[in-house]
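Structural features, examined
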Amino acid sequence: MPSLLPAVAEQLFRDIQKIYQETSQIPDDLLIALKFVFGPCALQALDLVDQHSVTCLSSPSGRKAFQVMGGSGRLYTCFLSCHYCPCPAFAYTVLRRNEGLLCKHILAAYLCQAMGVTQQESVSDQQMSMLLSGTTAP
């Protein structure tokens, strides 16, 4: 599946992954690049990463969804495959005003994956179907 992110963002995540694996830190130059590419939500996303707020739900059929506990305490189910988050910031800033690439929840999921710090949880295919349909959360 082709990436939906600009090449510069993809490269930034690859650089973070490589350096974080070696040093367990993100250097200042990459933090500045994150802020430049993603704007104000970069710092908020890093805060969510620090708080271990991202969980990857995966089912036996290979479907994945990310649940991110927002700063307000609300749980958002995000889909990286189509860059969707149900949060108000995504609807307003990303979709309506086209002022950002991602919301802080989706960015936090990408960062957790790059850093290898995503919490993992297995769910059944039925639970994933219910999650995708919005009828219940696992």
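Just so it is clear, the structure is predicted and the values come from calculations on it, not from any experiment.

Describing unusual backbone geometry
Not every positive phi belongs to a glycine, and S24 is a case in point at roughly 60°. Turning to its location among the elements, S24 is positioned in the loop between α1 (7-23) and α2 (28-38).

Structural notes on the environment of Q21
Examined against the element boundaries, Q21 turns out to sit in helix α1. Residues Q21 and A114, 93 residues apart in the sequence, show an inter-C-alpha distance of 9.0 Å.

Some words on the nonpolar core
Formed by 38 residues in total, the largest nonpolar core has its most connected members in I16, F38, I106, L107 and L111. Sorting the residues of this core by element identifies α1, α2, α3 (41-50), β1 (54-58), β2 (64-69), β3 (75-78), α4 (88-96) and α5 (104-115) as the ones contributing at least two each. Filtering out sequence-adjacent residues up to four positions away, F38 remains in contact with A9, L12, F13, L101, L102 and L107. Core analysis: the second largest hydrophobic core is formed by six residues, A65, F79, M128 and L131 among them.

Calculation notes
Residues numbered from 1 in each chain as written. Predicted model: local features only at pLDDT ≥ 70, side-chain atom pairs only at ≥ 80, totals over all residues. Heavy atoms only, no water. Helix = DSSP H or I, 4+ residues; strand = E, 2+ residues; numbered from the N terminus. Core = buried A, V, L, I, M, F, W, Y, C linked by side-chain atoms within 4.5 Å. Buried < 20%, exposed > 50% of the residue type's maximum accessible area, 1.4 Å probe, protein only. Contact = heavy atoms within 4.5 Å.

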